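Fold and geometry: a report
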Amino acid sequence: HKLPIQSRVTNTSDQCPNNFGFIIKLFHHYILYQEELSIHPANFKSEYEVVKRGVSDISVYERDWRDQITKLQLLVGGSGLDGNRASALDELRKKITQGPSQTTISEDKGILQAVGAWTDNDVGVIDSDMKKCAASLKVLRHIYLQNKFGSKRVWVVNLPKTFEDWPSRTLASNAGTVTDVKQFLASKNEHFTDQQRRHLGSSTQKAMAWCQKAGMVLANAASGGTDRDSARTMVRRWFAEDTLSDDALNQYIGKLDKGFKDVIAMLNRGNFIVTDWVPFRGTTDADERDYLASEAFTFASNGEGLDVVYIESNFFVDNPGNIANGAVNWTRIIVHELTHLVCGTEDVLNGQARYAWYGIGPHAGYPGSDCIRNADNWAFFAADCGEALQENERNKALKII
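Below, the structure is looked at part by part. Sequence order as written defines residue numbering, which begins from 1 separately in each chain. Reporting in this predicted model follows two pLDDT cut-offs: at least 70 for local features of residues, and 80 or more for side-chain atom pairs to be given and counted; totals over whole chains, interfaces and linings ignore these cut-offs and use all residues. Computation of side-chain values covers all heavy atoms of the structure but excludes hydrogens and water.

Right, let's talk about the environment of Pro 279 for a bit. Each helix corresponds to a stretch of at least 4 residues labelled H or I by DSSP, and each strand to a stretch of at least 2 residues labelled E; elements are numbered beginning at the N terminus. Counting through the fold element by element, Pro 279 comes out in the loop between β6 (272-275) and α12 (286-292). For the pair Pro 279 and Thr 170, spaced 109 residues apart in the sequence, the C-alpha separation amounts to 9.5 Å. Residues contacting Pro 279, with those up to four places away along its chain left out, are Ala 42, Glu 164, Asp 165 and Trp 166. The contact definition used throughout considers only heavy atoms, calling two residues in contact when any of these lie within 4.5 Å.

Our focus in this paragraph is the side chain of Asp 376. Looking at the element boundaries, Asp 376 is found in helix α15 (residues 375-385). There is a polar contact of 3.1 Å between the side chain of Asp 376 and the side chain of Arg 332. Discounting residues that sit within four places of it in the chain, Asp 376 has contacts with Arg 332, His 336, Arg 354, Tyr 355, Ala 356 and Ile 360. Two N or O atoms form a polar contact when they lie within 3.5 Å of each other; inside protein one atom must be a possible hydrogen donor and the other a possible acceptor, and for residues adjacent in sequence the pair counts only when both atoms belong to side chains.

The next subject is the state of the cysteines. Note on terminology: pairs of cysteine sulfur atoms within 2.5 Å are recorded as disulfides. One pass over the full model with this rule turns up zero disulfides. Its sulfur unpaired, Cys 343 is 8.2 Å from the next cysteine sulfur, which belongs to Cys 211. The buried label applies to any residue whose accessible area, calculated with a 1.4 Å probe on protein chains only, is under 20% of its type's maximum; exposed applies above 50%, and partly exposed to all values in between. For Cys 343, a relative accessible area of 26% translates into the label partly exposed. Distance from the sulfur of Cys 385, which forms no disulfide, to the nearest cysteine sulfur (Cys 211) is 9.7 Å. In this structure Cys 385 comes out as buried when scored by relative accessible area, which is 8%.

All right, on to the nonpolar core then. Put simply, buried Ala, Val, Leu, Ile, Met, Phe, Trp, Tyr and Cys residues joined by side-chain atoms within 4.5 Å make one nonpolar core. If you look at the biggest cluster of nonpolar residues, it comprises 59 residues, and the most contacted ones within it are Trp 238, Phe 239 and Phe 381. Broken down by secondary-structure element, the contributors of at least two residues to this core are β5 (152-157), α9 (194-222), α10 (228-239), α11 (246-269), β6, β8 (308-311), α13 (326-343) and α15. Sorting elements by how many residues they give to this core places α11 first, with ten residues. Each residue touching Phe 381, except ones within four places of it in the same chain, is listed here: Ala 214, Val 217, Leu 218, Met 234, Val 235, Trp 238, Phe 239 and Phe 260. Core analysis: the next-biggest nonpolar cluster, separate from the first, contains 52 residues, Phe 44, Trp 277, Tyr 291 and Val 308 among them.

Set out below in structure tokens:
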């Protein structure tokens with residue numbers, strides 16, 4: 001069954017405004033590839049389901065591990081991770097390295113002992129079911145509750161660089177010997193640095209604040225209060241050509257208001273996950289390498305079934321063509337992707353894919369009917385509402401083309 005979803009990308013088009021031929025190539029790769037990717041058997045949801053099954057039966061684990069596995073069962077819920085059970089992850093990381101009499105053991109030994117598969121030598125093979133359980137523990141060992149603000153939570157899945165596919169698939173296909181299994185399970189060189197993890201958490205928190213500020217502006221724009229005119233001017237700035245009627249603007253205000261409320265509600269559920277698309281790490285496929293070179297992508301309208309945004313290699317890069325850099329750009333990317341994920345926005349193709357470097361100022365050639373569908377218009381509107389833009393940044397983004 002092909003899901004009615006689209007993978008959306010804030011990609012290297014934000015890097016290089018003069019390299020239009022390359023941008024067109026990238027964009028068409030995304031259009032051609034997005035349906036295949038949307039039904040890809042290796043999205044994070046697929047690995048999450050393996051993890052849930054891997055900890056579903058405590059009887060396959062050694063007795064001294066069964067209390068811990070029960071806690072992990074409660075953590076991995078049907079709609080995502082339960083923030084009230086996050087302590088189970090820290091306990092897991094500690095237990096994996098606990099040897100007898102307060103000694104410390106390697107992580108591969110701890111995980112394999114948990115499933116009854118440890119051997120001091122590397123003779124023989126490890127049973128496939130034991131590998132699945134070991135892979136489940138490996139995934140969970142690298143999940144972090146990065147930020148908790150009110151009911152909102154940001155989870156970071158941060159698998160070691162050694163993996164070029166999800167652990168369950170790696171151990172099944174690329175770990176034929178005991179030595180191979182041990183090496184993968186022992187790896188700790190995580191994809192995101194500790195500082196990058198903190199940035200991902202804080203950027204999501206700021207994204208929430210921008211969305212809340214946007215909601216306040218939209219409420220004023222729909223009201224008859226003293227702030228109505230300035231709020232409507234703000235909406236028109238990002239979504240209305242000069243000839244757009246007030247009735248059409250009112251429809252846009254309603255759409256934006258609902259969309260940002262839906263984003264806030266999603267974040268309030270506490271299941272938001274950021275990770276990278278691990279199977280792309282070692283790819284040689286041209287389309288997959290384009291995704292790997294992007295800033296981030298997600299599946300539109302919650303098509304994956306989990307609230308996941310994939311953070312890729314250009315997310316933390318201050319490229320010369322960026323409108324904003326650093327924390328403002330990271331937050332802009334998160335808002336951009338959240339509107340794809342929750343509201344089904346697009347990267348509208350009008351002349352070029354309408355990223356801010358190209359120009360997202362509304363006019364007759366790029367009318368409000370396009371702007372209201374375009375993710376970067378939503379993201380920069382939110383940034384403007386959050387007073388995060390410098391005047392020169394705003395002017396660059398509103399370029400008419």
